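Residues per chain are reported as follows:
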Amino acid sequence: MSVPQLRFKDGDGQDFPEWEDTNLESCGTFFRGGSLSKSDIDTKGQFSCVHYGELFTTYHEIITTVKSKTNITNTINSEYGDILMPSSDVTPAGLAKASCLLQAGVVLGGDINVIRLKKNLAPIFISYLLNFEKNKIIQLVSGTTVKHIYIKDIKSIELSIPTEIAEQTKIANFLTAVDEKITQLSQKHDLLTQYKKGVMQQIFSQELRFKDDDGEDFPEWEEHLLGNVATLFNGRAYKQTEWEDTGTPVIRLQNLTGSGDTYYYSNIKLPANQYCNTGDLLYMWSATFGPVWWQGEKAIYHYHIWKIDTDNNNLSKNYLFYVLDDITAKMKRTSNGSTMAHITKGGMEKLALTLPSVVEQTKIANFLTAIDDKITNTQEQLKALKQYKSGLLQQMFV
């Protein structure tokens with residue numbers, strides 16, 4: 001008999017009975033949702049509905065609020081606590097999902113496998129358990145281009161379940177509380193990000209201005225070409241034969257975006273401006289775009305990356321970071337969804353910037369940095385909480 005590492009006590013502080021090994025078929029009845037296409041969804045519709053695609057994009061372990069509406073009739077409708085699982089997707093991992101619907105009378109779309117549980121089972125617990133057992137679900141997926149999972153297959157999934165619904169409920173309530181905290185942090189992160197975006201628009205349009213330390217207005221902003229107040233250094237293009245196993249690390253785009261942590265190395269002696277050190281401002285200008293602070297050891301920046309130095313009498317490097325961030329966002333918006341191939345160094349140097357005094361630049365940069373620090377702190381809390389949840393799941397299920 002499998003036993004989880006972390007167990008709850010009953011209301012009297014006593015151990016709950018051992019868990020039961022069973023399979024999903026014994027947990028309830030199974031059926032498919034009815035016909036519901038995207039064209040059937042109507043924001044002014046009379047009936048709440050769940051389209052199977054929303055199980056990937058909108059919902060997680062628990063569905064408390066249904067977002068879509070429809071007017072179609074002769075449908076298959078939910079009962080409180082139904083478990084919804086997508087039955088087709090383009091990837092196996094997309095099918096390893098389960099959502100507990102806490103609302104009756106909802107129209108259930110096609111390509112949804114529905115499990116209507118027996119009364120001795122806590123629906124939210126079963127939803128968490130099935131999501132924990134995603135590897136078992138993936139093994140049952142079939143199909144080539146489009147992947148499918150069938151009711152006859154998911155019935156065979158082996159599970160270990162507390163015999164008493166009271167223990168199931170305690171586990172479900174605990175994990176729900178953790179997820180609510182994750183949701184709160186995610187919302188806080190989104191609000192801070194939107195606030196930063198809005199305040200940057202106000203600052204760079206001069207709708208929002210700062211005062212000096214005496215409460216007086218700063219001087220009017222002045223126009224400069226970026227190339228007159230900053231120097232952009234091109235990174236060096238390397239041949240594959242020039243890479244070494246040791247030496248000075250060479251920074252590539254993937255090292256700055258976080259998509260890769262492997263470095264190549266070089267022992268070629270280069271001019272001093274071809275190296276970057278902690279605190280240097282870099283700009284990615286091909287395929288991936290935007291400014292980034294280098295926070296590592298002395299390194300060589302590769303082709304498709306510029307190092308930027310500034311004329312400190314006219315331009316604060318910290319302020320320039322946010323100017324470049326704003327410029328990049330605008331360029332991405334004006335590309336209208338098409339892929340931005342690259343930005344030329346000459347084109348960037350000819351950009352006209354309207355700059356405040358260096359003192360006001362510093363105030364602006366410090367203000368935006370404080371917001372970024374809050375965003376980073378929230379991201380770190382969110383990451384830690386998700387890791388905490390993952391660890392809990394490993395200990396609470398078997």
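Everything numeric in this text was worked out from a predicted model, so none of it was measured.

A. Up close: the sheet that holds strand β4 (residues 62-63). Spatially, 5 strands are ordered β2-β10-β6-β8-β4 in an open sheet, and the strand pairing comes out mixed. Bordering the open sheet on either side are β2 (28-32) and β4, each of which pairs with just one other strand. Judged from the 5 bridges that link them, β2 and strand β10 (residues 112-117) form a sheet pairing that is antiparallel. The residue of β10 that forms the bridge with Phe-30 is Ile-115. The strands touched by helix α2 (residues 123-132) are β4, β6 (82-86), β8 (99-101) and β10; relative to β6, the strand with the most contacts, the crossing angle is about 25 degrees.

B. Structural context of the nonpolar core. The biggest cluster of nonpolar side chains holds 41 residues, and the ones touching the most others in it are Leu-24, Ile-83, Phe-125, Leu-130 and Phe-397. Taken together, the elements giving at least two residues each to this core come down to β6, β10, α2, α4 (151-154), β12 (158-162), α5 (165-204) and α10 (358-396). Ignoring any residue separated from it by four or fewer positions in sequence, one finds Phe-397 in contact with Pro-4, Trp-19, Phe-125, Tyr-128, Leu-129, Phe-132, Ile-171 and Leu-175. Ranked by size, the runner-up nonpolar core spans 35 residues in total, among them Phe-204, Tyr-283, Ile-308 and Leu-324.

C. Structural detail: the confidence of the model for the protein chain. When pLDDT is averaged along the protein chain, the result is 94, and 98% of the positions lie at 70 or above. Mean pLDDT across the elements of the protein chain bottoms out in strand β7 (residues 88-89) (90) and peaks in β8 (98).

D. Examining α5 more closely. Relative to the 58 Å expected for 40 residues at 1.5 Å per residue, α5 spans 58 Å between its end C-alpha atoms, a close match to the ideal helical length. In the segment just after α5, Gln-206 is the residue with positive phi, at about 65 degrees.

E. Looking closely at the pattern of salt bridges. Counting across every chain of the model gives 18 salt bridges. One salt bridge in this structure joins Lys-389 and Asp-179, with 2.9 Å as the shortest N-O distance. Of this pair, Lys-389 sits in helix α10 while Asp-179 sits in helix α5, and the two are 210 residues apart along the sequence. For the residue pair Lys-389 and Asp-179, the accessibility class agrees, reading buried in each case. Residues Glu-349 and Lys-345 are paired through a salt bridge, measuring 2.8 Å at the closest nitrogen-oxygen approach. One end of the pair is Glu-349 and the other is Lys-345, both in helix α9 (residues 345-349) and 4 residues apart, which spans about a single turn. The class of Glu-349 is partly exposed, set by a relative accessible area of 25%.

F. Geometry of the pairing of strand β22 (residues 352-355). What you see with β22 is a clean split: Leu-353 and Leu-355 sit on the buried side and Ala-352 and Thr-354 on the side with no burial. In terms of strand pairing, strand β13 (residues 222-225) meets β22 through 4 bridges, oriented antiparallel. Bridging from a neighbouring strand, His-224 pairs with Leu-353 of β22.

G. Geometry of the environment of Gly-105. Relative to the assigned elements, Gly-105 resides in the loop between β8 and β9 (107-108). Note: C-alpha distance between Gly-105 and Gly-260 (155 residues apart in sequence) is 47 Å. Once residues lying within four places of it in the same chain are set aside, the contact partners of Gly-105 are Ser-48, Asn-77 and Ser-78.

H. Representation of the packing of aromatic side chains within the structure. Applying the stated criterion across every chain yields a total of 14 aromatic pairs. Each ring, one from Trp-19 and one from Phe-125, has its centre 6.2 Å from the other, and the planes form 80 degrees; the classification is edge-to-face. Here Phe-125 lies in helix α2 and Trp-19 lies in strand β1 (residues 19-23), a separation of 106 residues in the sequence. This pair shows no difference in class: Trp-19 is buried, exactly as Phe-125 is. Taken together, the ring pairs in this structure connect Trp-19, Phe-125, Phe-132 and Phe-397 into an aromatic cluster. Seen from the ring of Tyr-238, Arg-236 lies directly overhead, with NZ or CZ sitting 4.5 Å from the centre.

I. How the structure looks around the sheet that holds strand β3 (residues 47-50). Read from one edge to the other, the open sheet built from 3 strands follows the order β5-β3-β9, with strand pairing classed as mixed. Every interior strand has two partners, whereas the edge strands, β5 (68-70) and β9, have only one. Both β3 and β9 contribute to a ladder of 2 bridges, which runs parallel. Looking across to β9, one finds that Val-50 is bridged to Leu-108.

J. Geometry of the packing of α5 against helix α8 (residues 317-334). In the contact formed by α5 and α8, the axes pass within 11 Å of each other and the chain directions differ by 105 degrees. On the basis of the axis angle, α5 is roughly perpendicular to α8. The residues of α8 that touch α5, namely those facing Lys-196, Lys-197, Met-200 and Phe-204, are Tyr-319, Tyr-322, Val-323, Asp-325, Asp-326 and Arg-333. Each residue belonging to the contact of α5 with α8 can be placed in one class, and the counts come to 5 nonpolar, no polar and 5 charged.

K. Highlighting the side chain of Asn-113. Along the chain, Asn-113 turns up in strand β10. According to the relative accessible area criterion, Asn-113 is buried, its value standing at 1%. There is a polar contact of 3.2 Å between the side chain of Asn-113 and the backbone oxygen of Ile-149. Sequence-distant contacts of Asn-113, defined by excluding residues within four places in its chain, comprise Phe-31, Arg-32, Ile-83, Leu-84, Met-85, Pro-86, Ser-87, Ile-149, Ile-151 and Ile-154.

Conventions we followed
Each residue is numbered by its place in its chain's sequence as written, counting from 1. Two thresholds apply to this predicted model, a pLDDT of at least 70 for residue-level local features and 80 or more for giving and counting side-chain atom pairs, whereas whole-chain, interface and lining totals are computed over all residues. Side-chain measures here rest on the full set of heavy atoms in the structure, leaving out hydrogens and waters. Two strands are counted as paired when DSSP detects at least two bridges linking them. Each helix is a run of H or I in the DSSP string that is no shorter than four residues. Each strand is a run of E no shorter than two, and both are numbered from the N terminus. The contact definition used throughout considers only heavy atoms, calling two residues in contact when any of these lie within 4.5 Å. Only the contacting stretch of a helix is used when fitting its axis, a line to C-alpha atoms as for every element, and angles between N-to-C directions run 0 to 180 degrees. The nonpolar core is taken to be a set of buried Ala, Val, Leu, Ile, Met, Phe, Trp, Tyr and Cys residues, with the residues joined through side-chain atoms within 4.5 Å. For each residue, the accessible area found with a 1.4 Å probe, counting protein chains only, is set against the maximum for its type, and the residue is called buried under 20%, exposed over 50%, and partly exposed in between. The quantity called pLDDT is the predictor's confidence in a given residue, expressed from 0 to 100. A helix is expected to span 1.5 Å multiplied by its residue count minus one. When a carboxyl oxygen of Asp or Glu is within 4 Å of a side-chain nitrogen of Lys or Arg, the pair counts as a salt bridge. Aromatic pairing here means that ring centres of Phe, Tyr or Trp (its six-membered ring) are within 6.5 Å. Orientation follows from the plane angle: under 30 degrees is stacked, over 60 is edge-to-face, and everything else is tilted. Geometrically, a lysine NZ or arginine CZ counts as sitting over a ring once it is within 6 Å of the ring centre and also within 35 degrees of the ring normal. Angles are sorted into four bins: roughly parallel if under 35 degrees, roughly antiparallel if over 145, roughly perpendicular if 65 to 115, and oblique for all others. Under the grouping applied here, Gly and all other residues not named as nonpolar or charged are polar, the nonpolar ones being Ala, Val, Leu, Ile, Met, Phe, Trp, Tyr, Cys and Pro and the charged ones Asp, Glu, Lys and Arg. N or O atoms closer than or at 3.5 Å make up a polar contact, with two conditions inside protein: a donor-capable atom paired with an acceptor-capable one, and, for residues adjacent in sequence, both atoms drawn from side chains.

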